[in-house]
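# Observations on the model geometry
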Amino acid sequence: MRHLAELSEPGSAHEYAGYELLLERGVDPRLARFARDHGATAYDLLTVEDLLVVLADKVWKGRRVPELEDAFTARLCAASGEPPWEAFLRLDGILDALAEHADARLAFQSRHPIQAVSRG
């Protein structure tokens, strides 16, 4: 881990560092991009897959971001032809269920901090 503090504090240095680490380990750049882009906010520039990863990252922490959810819903509806209100109702229920236990997940994580190990 190159940016341990970002496990418990805000920061985005881990995003590009994670991308580079994956590339160094031979991960396909099309997959490694998820590490780099999971904190992106330019939703209109992202694929539906990227939007899903950004959405999962936020909801895992219990955060709901209306602009992100709207962008994701619009992409789903463009592909499926489903009316936006129907898609959002289903998505809203799923996101509520995922976000519901975020405090417990984050508390568990903080009780088990990762320590840097020196290699020598």
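Residues numbered from 1 in each chain as written. Predicted model: local features only at pLDDT ≥ 70, side-chain atom pairs only at ≥ 80, totals over all residues. Heavy atoms only, no water.

## A look at helix α4 (residues 66–80)
Counted at 1.5 Å a residue, the expected span for α4 with its 15 residues is 21 Å, and the 21 Å between its end C-alpha atoms agrees. Among all positions in α4, only L68, E69, A71, F72, T73 and C77 are buried. Against the buried residues of α4 lie α3 (48–60) and α5 (84–99). Two residues or fewer after α4 comes G81, characterised by a positive phi angle close to 80°. (Helix = DSSP H or I, 4+ residues; strand = E, 2+ residues; numbered from the N terminus. Expected span 1.5 Å × (residues − 1). Buried < 20%, exposed > 50% of the residue type's maximum accessible area, 1.4 Å probe, protein only. Contact = heavy atoms within 4.5 Å.)

## Description of the packing of aromatic side chains
Two numbers describe a pair of aromatic rings. These are the distance of the centres and the angle of the planes. Enumeration according to the criterion identifies 1 aromatic pair in this entry. Arranged with centres 5.5 Å apart and planes meeting at 45°, the rings of Y16 and Y19 form a pair that is tilted. One end of the pair, Y16, and the other, Y19, are both in helix α1 (residues 13–24), 3 residues apart, so they sit about a helical turn from each other. Judged by relative accessible area, which is 45%, Y16 ranks as partly exposed. Over the ring of F34 we find R33, and its NZ or CZ is 4.3 Å from the ring centre. (Phe/Tyr/Trp six-rings, centres within 6.5 Å; stacked < 30°, edge-to-face > 60°. Lys NZ or Arg CZ within 6 Å of the ring centre and 35° of its normal.)

## What to know about the side chain of T73
Tracing the chain through its elements places T73 in helix α4. The buried category is assigned to T73, whose relative accessible area is 5%.

## Structural notes on the packing of helix α2 (residues 29–37) against α3
Contact pair α2 / α3: the axes reach a minimum separation of 10 Å and the direction vectors enclose 40°. The angle between α2 and α3 places the two elements in the oblique class. For α2 against α3, the interelement crossing comes out right-handed. Contacts from R33, F34 and D37 in α2 reach E49, D50, V53 and V54 in α3. Classifying every residue of the contact of α2 with α3 by side-chain character gives 3 nonpolar, no polar and 4 charged. (Axes fitted to C-alpha atoms, helices over the stretch in contact; angles between N-to-C directions. Parallel < 35°, antiparallel > 145°, perpendicular 65-115°, else oblique. Left-handed = near helix turned anticlockwise from the far one by under 90°. Nonpolar A, V, L, I, M, F, W, Y, C, P; charged D, E, K, R; others polar.)

## Let's talk about the environment of T41
Along the chain, T41 falls in the loop between α2 and α3. Residue T41 is classed as exposed on the basis of its relative accessible area, which comes to 62%. Considering only alpha carbons, one finds T41 and L68, 27 residues apart in sequence, at a separation of 8.0 Å.

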